[in-house]
Amino acid sequence: MDDPLLKISVVLLFALIFLLSLYSLKFLQSILITTKQHEGTTVVEPPGTTGWPIIGETLDYGRANLKGFPEKFFYDRVRKYSSKVFKTSLIGETVTVLDGPAGNKFLFSNEYKLVTIWWPRAIQRIVPITDGITSPSGIQLMAAGYHTTSTVITVLMKFLADFPDVLNEVLQEQNEVAKSKSPGELLNLDDIYKMKYSWNVICEVPRLAPPFQGGFTEALTDFTYAGYFIPKGRKLYWTGISTHMNPENFPDPEKFDPSRFQGKGPAPYTFVPFGGGAGMCPGYEYARVEILVLLHHVVRRYKWEKLIPGNINERLKVNPYPLPPKGFPIRLQPRTT
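Now for a look at the structure at hand.

Thresholds applied
Residues numbered from 1 in each chain as written. Predicted model: local features only at pLDDT ≥ 70, side-chain atom pairs only at ≥ 80, totals over all residues. Heavy atoms only, no water. Pairing = 2+ DSSP bridges. Helix = DSSP H or I, 4+ residues; strand = E, 2+ residues; numbered from the N terminus. Axes fitted to C-alpha atoms, helices over the stretch in contact; angles between N-to-C directions. Parallel < 35°, antiparallel > 145°, perpendicular 65-115°, else oblique. Left-handed = near helix turned anticlockwise from the far one by under 90°. Contact = heavy atoms within 4.5 Å. Nonpolar A, V, L, I, M, F, W, Y, C, P; charged D, E, K, R; others polar. Salt bridge = Lys/Arg side-chain N within 4 Å of Asp/Glu carboxyl O. Buried < 20%, exposed > 50% of the residue type's maximum accessible area, 1.4 Å probe, protein only.

1. Here we look at the sheet that holds strand β6 (residues 214–219)
Part 1 of the argument: Read across the sheet, five strands follow the order β3-β4-β9-β6-β5 without closing on themselves; strand pairing throughout is mixed. Two strands close off the open sheet at either side, each with one partner strand: β3 (85–90) and β5 (115–117). Averaged over neighbouring strand pairs, the angle between their axes works out to 40 degrees when direction is ignored.
Part 2 of the argument: Bridge analysis of β5 against β6 gives three bridges, and the strand direction is antiparallel. Bridging from a neighbouring strand, V115 pairs with A219 of β6.

2. What to know about the packing of helix α10 (residues 196–208) against helix α12 (residues 284–301)
Part 1 of the argument: Following both chains from N to C, one finds α10 and α12 inclined at 115 degrees, their axes separated by 11 Å at the closest point. Judged by the angle between their axes, α10 and α12 are roughly perpendicular. Considering the relative orientation of α10 and α12, their crossing is right-handed. Every residue of α12 that contacts α10 at S198, W199 and I202 is listed here: Y284, R288, I291, L292 and L295.
Part 2 of the argument: Looking at the contact of α10 with α12 residue by residue, the class counts come to six nonpolar, one polar and one charged.

3. Here's the deal with the pattern of salt bridges
Part 1 of the argument: Scanning the entire structure with this criterion turns up 18 salt bridges.
Part 2 of the argument: Between K181 and E185 there is a salt bridge, with its nearest N and O atoms 3.2 Å apart.
Part 3 of the argument: Residues R331 and E305 are paired through a salt bridge, measuring 3.2 Å at the closest nitrogen-oxygen approach. With R331 in strand β13 (residues 330–334) and E305 in strand β10 (residues 302–306), this pair connects stretches of sequence that are 26 residues apart.
Part 4 of the argument: Look at the salt bridges and you will find they share partners, linking E57, D60, R63 and R77 into a network.

4. Describing the pairing of β6
Two faces make up the sheet, and in a regular strand the side chains alternate between them.
Part 1 of the argument: Within β6, five of the six residues are buried, leaving the element largely enclosed by the surrounding structure.
Part 2 of the argument: Two strands pair when backbone bridges link them, and β6 and strand β9 (residues 235–239) are joined in this way by five bridges, in the antiparallel orientation. Within β9, the position partnered with E218 by the bridge is K235.

5. Considering the environment of W199
Part 1 of the argument: Along the chain, W199 turns up in helix α10.
Part 2 of the argument: According to the relative accessible area criterion, W199 is buried, its value standing at 10%.
Part 3 of the argument: Separated by 63 residues in sequence, W199 and Q262 have C-alpha atoms that sit 9.9 Å apart.
Part 4 of the argument: Aside from chain neighbours lying at most four places away, what touches W199 is Y284, R288 and L292.

6. Focus on the packing of helix α7 (residues 147–162) against helix α8 (residues 164–179)
Part 1 of the argument: Interhelical geometry of α7 versus α8 gives an angle of 110 degrees and a closest axis separation of 5 Å. The angle between α7 and α8 falls in the class roughly perpendicular. Touching L160, A161 and D162 of α7 are P164, V166, L167 and V170, all from α8.
Part 2 of the argument: Across the contact of α7 with α8, the residue classes tally to six nonpolar, no polar and one charged.

Taken by themselves, the reported measurements are silent on function.
If you want it as structure tokens, here you go:
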């Protein structure tokens, strides 16, 4: 082989075969339930794989989000490992996923006892703010203070344009609230609590399109969950979107149906767009007031139509928040009746 290019090609080919062999071996080992010794005791680790070096399974996760099916990443692995607890690697970090209401309940109930809020280093690096704000709680407050509310409002406006019967009921309720007020009188909390149907509509938005697909935590101590050993320092992930889109929790989950929140509403830990437990989003009530007040004025003063019609069943692209893939330009007109 006198041709230098041929020599390089052969070397690269053998290097690729070697890497693929290592990866295959690592994959086969990872999908099996592994045991190891910890302080003299045999413990069982969650099944799963960390995927490719450095990038892990981030590309698979990103691909599912961009296609509008972020829950598929989790469903595929739950089926593959026959377990709602599995390990993966996302954004450069090895994490253990606790899928479903039981996992949500465990993590939320043990916030600041067994686990604490945590964000991957990659996310902390891209937030251009001070060190105090880039703490885990600071990032959560910053994101919750703007991105979540603006995302919910955008998707809410889309769904109201897509479902005129829902919009009419919202308008009727808001007109009733307005009729109960004296001229020039401002809204108060009693008025907010009267907007029950409107709030049901708003809740259905983050069920279908939660601004945060889930959240990261870190184990503060060794513990066991569902028979699997979780060591101190292990990163964990709870997933809201796979809980929301599971027909066991919400029948016909892809349907926009505000009636799901009538009466007692969803079962505990099945509707978690704001997290839960001690680490629940502190801006939950503020967001409720903010969105309802905005909705009260917008639906009574304006009509709007989408400039890009599209399919009402079109999935929202998550990048990193769930929004219409082509944006949401509208034509806004004053409401005369």
